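Structure assessment
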Amino acid sequence: MSEVCLSQIELAARWKISHRTLERWRWAQEGPRYLKIGGRVVYRVSDVEAFERQVQSCPDELPAEG
């Protein structure tokens, strides 16, 4: 069974960001994991979702004031 992948354009649309942001993140070794196949960059949906969970802000984890 093959896994669903997103192109750079599709991921940029999903997150409502510029595809250039994804290019910059790859250059800076930030952002979600990606595969480069024959010069084409693709993102596995499982890696995208893992990244989304990793950067998700959780108000319950904020330190208590006082």
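The rules behind each value
- Residues numbered from 1 in each chain as written.
- Predicted model: local features only at pLDDT ≥ 70, side-chain atom pairs only at ≥ 80, totals over all residues.
- Heavy atoms only, no water.
- Buried < 20%, exposed > 50% of the residue type's maximum accessible area, 1.4 Å probe, protein only.
- Helix = DSSP H or I, 4+ residues; strand = E, 2+ residues; numbered from the N terminus.
- Arc of directions from axis to C-beta.
- Pairing = 2+ DSSP bridges.
- Axes fitted to C-alpha atoms, helices over the stretch in contact; angles between N-to-C directions.
- Contact = heavy atoms within 4.5 Å.

**A look at helix H1 (residues 8-15)**
- Along H1, the residues classified as buried are Gln8, Leu11 and Ala12. One face of H1 carries all of its buried residues, which in axial projection span an arc of 100°. Turned more than 90 degrees away from the buried face of H1 sit Ile9 and Ala13, all of them exposed.
- Lys16, located one to two residues past H1, shows a positive phi value of around 55°.

**Things to note about the sheet that holds strand E3 (residues 40-44)**
- Pairing within the open sheet is antiparallel, and its three strands lie in the order E1-E3-E2. Edge positions in the sheet fall to strand E1 (5-7) and strand E2 (35-37), since each of these pairs with one other strand and no more. Adjacent strand axes in the sheet meet at a mean angle of 40°, parallel and antiparallel pairs treated alike.
- Seen against the sheet, H1 touches E1 and E3 and runs at an angle of roughly 90° to E1.

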